[in-house]
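Structure assessment
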Amino acid sequence: MTDVIKKYLFEDRSVRIESVHLTDTWLAAQAHHDYPRAVASLLGELVAAAVLLATNLKFDGSLLLQIQGDGAIALMVAECRADLSVRATVKLRDQPLPDSGDLQTLLNPHGGARFIVVLDPPRNTPGRQAYQGIVPLEGDRISEALEQYMIRSEQLHTKIWLSADRQKCAGLLLQKMPITGGNALTSEAAAEQSWERATALSNTLTSQELLETQQDTMIHRLFWEETLLGFEAQPITWKCSCTRERVIDMLKMLGQTEVDDILTEQGKIEVACEFCGKPYLFDAIDATSLFQAVTVADNKTLH
Ligand SMILES: [Zn+2]
């Protein structure tokens with residue numbers, strides 16, 4: 001089954017609803033990592049949140065959610081691009097990791113953690129400059145920090161529910177839509193009532209239900225008394241930007257002497273992508289041929 005995000009609007013366009021549920025994408029994120037349970041659960045929530053926010057902001061680049069921690073977790077990042085491909089990673093400090101833990105104990109034991117939302121424009125944008133919004137890491141949940149960010153930076157009332165285990169991650173987002181001028185389909189007062197109703201209904205959802213229930217079923221159970229406009233589901237995929245070619249370029253930059261030293265010492269070269277952890281292996285013949293190929297190409301004798 002494909003991972004998708006589903007979007008709905010209250011008929012009077014007062015409230016936007018988004019639901020995301022990831023299995024394959026989330027398993028791919030962990031394929032080369034063995035994150036402890038508590039860490040996986042936090043990262044899964046961050047991934048679901050990145051998808052919810054990226055599809056929601058009118059923006060054509062990537063959205064990155066980044067938590068810089070001062071505890072056992074040094075850094076946690078989830079990125080969702082405009083094509084709804086995602087990648088995510090965690091950097092752990094070299095210290096014993098507690099068996100269990102939450103946002104505050106794993107990332108913010110000394111109160112110095114920072115939650116950063118980065119909007120990174122597409123690479124070909126002239127004068128490309130990323131926008132960064134920073135909020136303190138307050139609250140017990142990632143959703144709380146993001147709700148704070150949305151109201152401060154986007155002036156949008158947003159409620160977010162997130163849940164993750166090692167197999168799945170899921171999220172639900174509600175957003176109060178701005179009522180605009182004469183063409184509004186509803187009054188401010190009616191929109192406020194819709195918002196109150198939508199959040200009250202969604203607050204009945206448990207973490208377990210969010211994770212275990214199929215998206216359509218969950219939306220129906222929560223909002224069956226409302227009339228919703230549904231939109232086409234959009235697929236979510238996992239994509240890291242690492243390739244063997246990029247690793248080769250990196251090894252070439254490192255230089256033949258350095259590469260030969262590693263070969264002498266280890267008999268092979270193993271490089272793992274620092275983001276997704278995918279290993280790239282070069283045996284002595286692979287590694288030596290990198291530099292031979294350069295020499296041949298430089299002499300332009302091979303085309
Ligand atoms: Zn990678």
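Residues numbered from 1 in each chain as written. Predicted model: local features only at pLDDT ≥ 70, side-chain atom pairs only at ≥ 80, totals over all residues. Heavy atoms only, no water.

An unreviewed UniProt entry annotates the protein chain as Molecular chaperone Hsp33 of Jezberella montanilacus.

The next point concerns the environment of Leu-52. You can see Leu-52 is positioned in helix H2 (residues 37-54). We classify Leu-52 as buried; its relative accessible area is 0%. Here the alpha-carbon distance between Leu-52 and Ile-285, two residues 233 residues apart in the chain, equals 46 Å. Setting aside anything within four residues of it in sequence, one finds Leu-52 in contact with Ile-5, Glu-18, Ser-19, Val-20, Ile-160, Leu-162, Gly-171, Leu-172 and Leu-173. (Helix = DSSP H or I, 4+ residues; strand = E, 2+ residues; numbered from the N terminus. Buried < 20%, exposed > 50% of the residue type's maximum accessible area, 1.4 Å probe, protein only. Contact = heavy atoms within 4.5 Å.)

Another aspect to go through is the environment of Ile-179. In this fold, Ile-179 is placed in the loop between strand S9 (169-176) and helix H5 (188-202). Along the chain, Ile-179 and Ala-191 lie 12 residues apart, while their C-alpha atoms are 7.8 Å from each other.

For the rest of this paragraph, the subject is the coordination of the zinc ion. The protein atoms that coordinate the zinc ion are Cys-240 (SG), Cys-242 (SG), Cys-273 (SG) and Cys-276 (SG), at distances spanning 2.3 Å. One can describe the site at the zinc ion as tetrahedral: its 4 donor atoms subtend angles covering 106 to 114° at the metal. (Donors = N, O, S within 2.8 Å, 3.2 Å for Na, K, Ca; no water. Tetrahedral: all angles 85-135°; square planar, octahedral: opposite > 155°, others 65-115°.)

Of note, Gln-215 is situated in helix H7 (residues 215-223). In this view, Gln-215 contacts Val-4, Ile-5, Lys-6, Ser-19, Val-20 and His-21; residues no more than four positions away in its chain are not counted.

Considering only enclosed or pocket space, the largest pocket measures out at about 360 Å³ in volume. Lining the largest pocket are 16 residues, and of these Ser-62, Glu-79, Arg-81, Asp-120 and Arg-123 lie nearest its centre. Residues that form the lining of the largest pocket fall into these classes: 4 nonpolar, 3 polar and 9 charged. Volume-wise, the second largest pocket comes out at about 300 Å³. Around the second largest pocket, the lining comprises 13 residues; the ones closest to its centre are Cys-242, Val-247, Ala-272, Cys-273 and Glu-274. Mapped onto the lining of the second largest pocket, the elements with two or more residues apiece are helix H8 (244-254) and strand S13 (268-272). Element by element, the count of residues in the lining of the second largest pocket is highest for H8, at 3 residues. Partitioning the lining of the second largest pocket into residue classes produces 9 nonpolar, 1 polar and 3 charged. (1 Å grid on protein atoms, 1.4 Å probe; cavity = no way out; pocket = protein on both sides within 12 Å on 5 of 7 lines; lining within 4 Å. Points joined across faces, edges and corners; volume = space filled by probe spheres on them. Nonpolar A, V, L, I, M, F, W, Y, C, P; charged D, E, K, R; others polar.)

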